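Tertiary structure, described
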2 protein chains.
Amino acid sequence: MPTNEIETLIDTLIDTYCAAWSDPDPKRRREILESVWTAGATYTDPTVHAAGIDALLAHIGTVAARRPGAKVIRTSRVDAHHGVARFAWRLVQADGSMLPEGLDVAEITPDHRISRIVGFFGQLAKE
Amino acid sequence: MPTNEIETLIDTLIDTYCAAWSDPDPKRRREILESVWTAGATYTDPTVHAAGIDALLAHIGTVAARRPGAKVIRTSRVDAHHGVARFAWRLVQADGSMLPEGLDVAEITPDHRISRIVGFFGQLAKE
């Protein structure tokens, strides 16, 4: 597959993943996430470690209940190599205000699904 | 262990790892890396995937031969949670010039050794 087609595929994969955080309907969140998440994939950020799709959907549900109408949008290019990809994102609240930018590192399987996300919050502080 | 002691431990771990990239002597590089690298740990950046200490030492040797006297220095705080840590670094050449800042994500075992590094080069481009 040409490089630019793979890049487009990975961009779409990441944007679909972000969409699973942004849909107000729990059933649609599950459908969207199932289309990109491998069985047993894990999600880890400073606040949570969620193993498997049910655990991640429960966590997204908690965040959605706390911030109704919030969306997660990708705010950088996707920088990928060797089946790993980094990208920046922000949580945009219903009133348009945004939380500090986060950074996710995704592990991507050869058949273009996500098997792991490790997330970090905010800017990386200078030493 | 108090949080600040764990932070200091992880900072030292990462700085020791960076020192393994910065020592001109291959024997000392091995000694330094052995003190922090687990058996079978992997290193992956856009240019290489190195599994095990010998493969990584060979790669560092290639870089050292290409850029004699270069050092890798950490340029951010270490931001760690759940056994993963991100940090920024730069390669400083013998003449003081620097390559663009990179970002590494390290996986850290419960006994404070590094089991994996995934690295990215340069700034993450805005969308």
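Just above, that's the structure.
Residues numbered from 1 in each chain as written. Chains lettered and ligands numbered in written order. Predicted model: local features only at pLDDT ≥ 70, side-chain atom pairs only at ≥ 80, totals over all residues. Heavy atoms only, no water.

**Describing the packing of helix H2 (residues 26-34) of chain B against helix H3 (residues 53-66) of chain B**
Residues and elements named next belong to chain B. Where H2 contacts H3, the axes come no closer than 11 Å and their chain directions differ by 135°. Taken together, the axes of H2 and H3 lie oblique to each other. In the crossing of H2 with H3, the sense of the turn from one axis to the other is right-handed. Between H2 and H3, the contacting residues are Arg29, Arg30, Leu33 and Glu34 on the first element and Ile53, Asp54, Leu56, Leu57, Ile60, Gly61 and Ala64 on the second. For the contact of H2 with H3, the class distribution of residues is six nonpolar, one polar and four charged. (Axes fitted to C-alpha atoms, helices over the stretch in contact; angles between N-to-C directions. Helix = DSSP H or I, 4+ residues; strand = E, 2+ residues; numbered from the N terminus. Parallel < 35°, antiparallel > 145°, perpendicular 65-115°, else oblique. Left-handed = near helix turned anticlockwise from the far one by under 90°. Contact = heavy atoms within 4.5 Å. Nonpolar A, V, L, I, M, F, W, Y, C, P; charged D, E, K, R; others polar.)

**A word on the interface of chain A and chain B**
Taken together, the contact pairs 33 residues of chain A with 33 residues of chain B. Summed over both partners, the interface of chain A with chain B buries about 2600 Å², with 62% contributed by carbon and sulfur atoms. Considering only the side of chain A, the residues that lose the most area to chain B are Arg86, Phe120 and Leu124 of chain A, jointly responsible for 28% of the buried surface there. Inspection of the region where chain A meets chain B yields four salt bridges. Inspection of the chain A/chain B interface yields 16 residue pairs in polar contact (both at pLDDT 80 or more). Of all the secondary-structure elements, those providing two or more residues to the side of chain A that touches chain B are strand S1 (37-45), strand S2 (48-51), strand S4 (79-81), strand S5 (84-92), strand S6 (102-108) and strand S7 (114-121) of chain A. Class assignment for the residues of the side of chain A that touches chain B results in 13 nonpolar, ten polar and ten charged. (Buried area = accessible area lost by both parts, 1.4 Å probe. Salt bridge = Lys/Arg side-chain N within 4 Å of Asp/Glu carboxyl O. Polar contact = N/O pair within 3.5 Å; in protein donor to acceptor, adjacent residues only side chain to side chain.)

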